[in-house]
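Descriptive analysis of the structure
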Amino acid sequence: MSRKDDRREKALQDLQEYHVLMLNGHFDFGNGYHGKVYLNPHQLFRYPSTIWRFAQDLLDVLPASILDATDVVAGPVTGGALLAHTMAGLLDSRRDIAGPPTLFAPFTADANSGHGLSRFYQQQVKGKKVLLVDDVRNTGQTLERCAALVKEAGGTVIATAQIYDRMEAVVHLDAPNIALAEYKAPENYPVAQCPLCQSGQPISTF
Ligand SMILES: [Zn+2]
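Just so you know, the residues in each chain are numbered from 1, in the order the chain's sequence is written. Selection of residues for local features in this predicted model requires a pLDDT of at least 70, selection of side-chain atom pairs for listing and counting requires 80 or more, and totals for whole chains, interfaces and linings are taken over all residues. Calculated side-chain values reflect all of the structure's heavy atoms, with hydrogen atoms and water omitted.

1. Description of the environment of Lys-128
Helix and strand labels come from DSSP, where a helix needs a run of H or I of at least four residues and a strand needs a run of E of at least two; each type is numbered from the N terminus. The topology assignment puts Lys-128 in the loop between α6 (119-125) and β8 (129-137). In sequence terms Lys-128 and Leu-143 are 15 residues apart; their C-alpha atoms lie 17 Å from each other. If we ignore the near neighbours within four places in the chain, the residues touching Lys-128 are Asp-71, Val-72, Leu-103, Gly-154, Gly-155 and Thr-156. When checking whether two residues touch, look at their non-hydrogen atoms; a contact exists if any pair is within 4.5 Å.

2. Examining the packing of helix α3 (residues 48-61) against helix α5 (residues 79-93)
In contact at an axis separation of 9 Å, α3 and α5 are set at 65° when each is read in the N-to-C sense. Where α3 crosses over α5, the two elements pack in a sense that is right-handed. Seen from α3, the contacting residues are Ile-51, Trp-52, Ala-55, Gln-56, Leu-58 and Leu-59; seen from α5, they are Leu-83, Thr-86, Met-87, Leu-90 and Leu-91. Of the residues that constitute the contact of α3 with α5, the class distribution is nine nonpolar, two polar and no charged. Working convention: axes come from line fits to C-alpha atoms, limited for helices to the stretch in contact. Angles between N-to-C directions cover 0 to 180 degrees. Crossing handedness is defined as follows: a turn of the near helix away from the far one that is anticlockwise and smaller than a right angle gives a left-handed crossing, while the clockwise case is right-handed. Side-chain classes are defined by residue name, with Ala, Val, Leu, Ile, Met, Phe, Trp, Tyr, Cys and Pro counting as nonpolar, Asp, Glu, Lys and Arg as charged, and the others, Gly among them, as polar.

3. A closer look at the coordination of the zinc ion
Think of the donor list as every N, O and S atom within 2.8 Å of the metal, or within 3.2 Å for Na, K and Ca; water never makes the list, so a site can look incomplete. The coordination sphere of the zinc ion, as far as protein atoms go, consists of His-26 (NE2), His-34 (ND1), Cys-194 (SG) and Cys-197 (SG), spread over 2.0 to 2.4 Å. Around the zinc ion sit four donor atoms; with metal-centred angles ranging over 96 to 121°, the donor geometry is tetrahedral. Mapped onto the polypeptide sequence, the residues donating to the zinc ion form the spacing pattern H-x7-H-x159-C-x2-C. For the pair His-26 and His-34, one class covers both residues: buried. Metal sites are grouped by the angles between bound donors: all angles between 85 and 135 degrees with four donors is tetrahedral, opposite donors over 155 degrees apart with the others between 65 and 115 is square planar for four donors and octahedral for six, and any other pattern is irregular. Think of it in three bands: residues with accessible area under 20% of the maximum for their type are buried, residues over 50% are exposed, and the middle band is partly exposed, with areas taken using a 1.4 Å probe on protein chains only.

4. A closer look at the pattern of salt bridges
Each reported salt bridge corresponds to a side-chain nitrogen of Lys or Arg within 4 Å of a carboxyl oxygen of Asp or Glu. The tally for this structure, following the rule as stated, stands at seven salt bridges. A salt bridge links Asp-57 to Arg-7, with the shortest nitrogen-to-oxygen separation between them at 3.2 Å. With a gap of 50 residues between them, Asp-57 in helix α3 and Arg-7 in helix α1 (residues 3-17) connect regions that are remote in the sequence. Relative accessible area serves as the criterion here: at 10%, Asp-57 is assigned to the buried category. Overlapping salt bridges, with partners in common, bring together Arg-7, Asp-57, Asp-60 and Arg-94 in one network.

5. Considering the pairing of strand β6 (residues 103-110)
Pairing between two strands is assigned when DSSP locates at least 2 bridges connecting them. With five bridges joining them, strand β5 (residues 72-76) and β6 adopt parallel strand pairing. Bridging across to β6, Val-72 finds its partner in Leu-103. Orient the strands so they point away from the viewer; a crossover is then right-handed if the path from the first strand over the helix to the second runs clockwise. Assessed by its sense of winding, the connection that carries the chain from β5 through α5 to β6 is right-handed. Bridge count between β6 and strand β7 (residues 114-116): three bridges; the pairing is antiparallel. Bridging from a neighbouring strand, Asp-110 pairs with Gly-114 of β7. Counting the residues that bridge the hairpin from β6 to β7 gives three residues.

6. Examining the sheet that holds strand β9 (residues 156-165)
In space, the six strands of this open sheet follow the order β7-β6-β5-β8-β9-β10, with mixed pairing throughout. Unpaired on one side and paired on the other, β7 and β10 (177-182) mark the two borders of the sheet. Mean inter-strand twist for the sheet, computed between neighbouring axes without regard to direction, equals 25°. Along the sheet, α3 makes contact with β9 and β10, crossing β10 at roughly 130°. The sheet strands contacting helix α7 (residues 141-152) are β5, β6, β7, β8, β9 and β10, and the helix crosses β8 at an angle near 160°.

7. Let's talk about the environment of Leu-62
Take Leu-62: it is sitting in the loop between α3 and α4 (64-69). Through-space distance from the C-alpha of Leu-62 to that of Leu-180 is 8.6 Å; in sequence the pair is 118 residues apart. Setting aside anything within four residues of it in sequence, one finds Leu-62 in contact with Lys-4, Leu-67, Met-87, Leu-131, Ala-161 and Ile-178.

8. Thoughts on the nonpolar core
It is characteristic of soluble globular proteins that their nonpolar side chains tend to be buried jointly. Among the nonpolar cores identified, the biggest contains 38 residues, and Leu-15, Leu-58, Leu-62, Met-87, Leu-131, Ile-163 and Tyr-164 are the most heavily contacted of them. Within the residue set of this core, elements represented by two or more residues are α1, α2 (43-46), α3, α4, α5, β8, β9 and β10. Of all the elements, α5 adds the most residues to this core, at seven residues. Side-chain atoms within 4.5 Å are what join buried Ala, Val, Leu, Ile, Met, Phe, Trp, Tyr and Cys residues into a set we call a nonpolar core. By size, the runner-up hydrophobic cluster in this structure holds 16 residues, among which are Val-72, Val-125, Leu-149 and Val-157.

Rendered as structure tokens:
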């Protein structure tokens, strides 16, 4: 096993240890469905030290060619932006101090279009190479929207990255995608057909 595979395996364990990812439970999602797996990205940010740790790990699995080329780390509010801000800072601690500092850009939440990029940050991104990050990749549509905003602003997305990939992406960008940890949760069950209920397993708390 390579060092990077090692790091990924450890990250999946760490996500469980920090209660970001809960496997083998019996969760009531409150929408008529039960399932074994629960993901709570808020646990990544409750203690800043947690996101610092996972941001370090994500930097460790990103190819050096991408890290070297990155001018801006950008991510959508809230989780992606907090991660991007942390990664931009940590990236500088790994680089030649004589170089220009890494920039950060947040995508705001927009009620109509999903996400937006303010005029100030459009200027920051213009002509720059952008590493686009998020805490979790679901369908990939958020990253797709953010990548379009970078392009509109005159920047180039060189890669996308996330701490946790649910392996359910329906859109894939041209740029490479790197996940620290990936795990595909099994299907959830309508309550009336839940085998966990039928086996008498108590509902898990989270
Ligand atoms: Zn159940």
